[in-house]
Amino acid sequence: MRILMWHVHGAWTSSFVRGRHEYLLPVTPTRDPNVGLGRAESWDWPPAVREVPYDRLRDTEIDLVLLQRPHELDLCTAWSGRTPGRDIPAVYVEHNTPRGDVPETRHPLAGQDSIPVVHITSFNDLFWNCDGARTTVIGNGIPDPGDRYSGELARAGVAINEPIRRGRITGTDLLPRFATAAPLDVFGMVTEWLPDWLGVAPDRMTTANLAQDAMHTELAKRRVYIHPFRWTSLGMSLVEAMYLGMPVVALAATEALHAVPPEAGVISTDVDVLVDAVRRLVADPEEARRLGRQARDVAQTRFGLDRFLDQWHQLLTRTRAEG
């Protein structure tokens, strides 16, 4: 089927567009990420992903619209002339943990029954107040980047996009404490000012913004992966690090508690425990490698791409038939 969707979360979309459908991405002359970014430049997406000028959508055949942000309902109506859930079958993907008056936070699609809400984690399904809207959970799945772990560098790797803007949500404030246990290499967008902003010396923290494949290669050279996120659904970078064969040290927050079993790393709400774990694993390459092998096994079992695509195909097919 032909699915209209917006480029919002590049890593998630990179998995989703590997399904058996055609994916139409609106594009505006300014390529504004809020309304029409088009194809990604940092990911290698298949030919089935096609850009469509926003002003041609009324003349474009569309079978279903996949929504990921509230304002996309209005964009779909205005640009295609079809109202989601009424004139065209629709699915809403909720990528984020709720904000505001948690756990009472009301979802933007709460209280309606024409558009199912798909959560990417059970934690989100539990905490969002969807007030009778149909909900389901389809957990993340990613292509296997390969077992690249060497751990040759006695350093810790971290992956955070925009760590200064996102602050406590991504656990940015915790990084100086981890830097006392091992030098940190932080990968992600808008990280270049991070060491100065945190007051961490250059010999204890470096930053880099690399394309996904290059980032995977470099990350896997680090002895251990740190996941300091306080309030996120389930960072794709955590799953990627596990796939790479890296031992994981993570805050036991949101869905991470389910994603990282004890045999795959160290997970706790006690930051001192996590800092000690980083120090221990950096000093013990064999233990780090043992945990990393288990982490990769877990990732392959729980976050496989085939399972992800099969679940999505079933939901999309059912939703189109009902619409």
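Residues numbered from 1 in each chain as written. Predicted model: local features only at pLDDT ≥ 70, side-chain atom pairs only at ≥ 80, totals over all residues. Heavy atoms only, no water.

A. Spatial organisation of the sheet that holds strand β11 (residues 222-227). Pairing within the open sheet is parallel, and its six strands lie in the order β10-β9-β8-β11-β12-β13. The two strands at the open ends of the sheet, each matched to only one other strand, are β10 (205-208) and β13 (265-268). Taken over all neighbouring pairs, the strand axes of this sheet differ in orientation by 20° on average, direction set aside. Summarising the sheet, strand β9 (residues 184-187) and β10 pair through four bridges and their orientation is parallel. The residue of β10 that forms the bridge with Val 186 is Thr 207. Together, β8 (153-159), β11 and β12 (248-251) form the strand contacts of helix α8 (residues 236-244), whose direction differs from that of β11 by roughly 155°. (Pairing = 2+ DSSP bridges. Helix = DSSP H or I, 4+ residues; strand = E, 2+ residues; numbered from the N terminus. Axes fitted to C-alpha atoms, helices over the stretch in contact; angles between N-to-C directions. Contact = heavy atoms within 4.5 Å.)

B. A look at a nonpolar patch on the surface. Together, Met 189, Val 190 and Trp 193 give the surface a local cluster of nonpolar side chains, amounting to about 300 Å² of exposed area. Structurally, Trp 193 is set in the loop between β9 and α6 (194-198). (Patch = residues over 30% accessible without salt bridge, like charges linked within 9 Å, V, L, I, M, F, W, Y side chains within 5 Å. Areas by Shrake-Rupley, 256 points an atom, 1.4 Å probe, with all protein chains shown as cover. Salt bridge = Lys/Arg side-chain N within 4 Å of Asp/Glu carboxyl O.)

C. Layout of the pairing of strand β4 (residues 64-67). Residues Leu 64 and Leu 66 point to one face of β4 and Val 65 and Leu 67 to the other, with burial holding for every one of them. In this structure, strand β1 (residues 2-5) lies alongside β4, joined through three bridges in parallel fashion. Each residue of the ladder has a partner; that of Ile 3, found in β4, is Leu 64. Regarding the hand of the β-α-β motif, the stretch spanning β4, helix α2 (residues 71-80) and strand β5 (residues 90-94) is right-handed. (Buried < 20%, exposed > 50% of the residue type's maximum accessible area, 1.4 Å probe, protein only. Right-handed = clockwise from strand over helix to strand, strands pointing away.)

D. Layout of the packing of aromatic side chains. Evaluation of the coordinates by the stated rule reveals ten aromatic pairs. Relative to Trp 312, the ring of Phe 16 has its centre 5.3 Å away and its plane inclined at 85°; by these criteria the two rings are edge-to-face. You can see Phe 16 sitting in helix α1 (residues 10-16) and its partner Trp 312 sitting in helix α12 (residues 305-322), a full 296 residues away along the chain. Trp 312 shares its class with Phe 16; the two are buried. Ring plane angle 85° and centroid distance 5.5 Å describe the contact between Phe 123 and Trp 231, whose orientation is recorded as edge-to-face. With Phe 123 in helix α3 (residues 122-127) and Trp 231 in the loop between β11 and α8, this residue pair connects regions lying 108 residues apart in the sequence. For Trp 231, a relative accessible area of 24% translates into the label partly exposed. Each residue in the set Trp 12, Phe 16, Tyr 23, Phe 308 and Trp 312 is aromatic and connected to the rest through ring pairs, giving one cluster. (Phe/Tyr/Trp six-rings, centres within 6.5 Å; stacked < 30°, edge-to-face > 60°.)

E. Up close: the pattern of salt bridges. Summed over the entire model, instances satisfying the criterion amount to 21 salt bridges. Across the salt bridge formed by Asp 131 and Arg 106, the nearest N and O atoms sit 2.8 Å from each other. Residue Asp 131 is located in the loop between α3 and β7 (135-137), and its partner Arg 106 is located in the loop between β5 and β6 (117-119); the two are separated by 25 residues in the primary sequence. Assessed through its relative accessible area of 42%, Asp 131 is described here as partly exposed. Residue classification places Arg 106 among the partly exposed positions, given a relative accessible area of 46%. In this structure, Lys 221 and Glu 218 form a salt bridge, with 3.0 Å as the shortest nitrogen-oxygen distance. Each of Arg 155, Asp 185, Glu 218, Lys 221 and Arg 222 takes part in one network of salt bridges that share partners.

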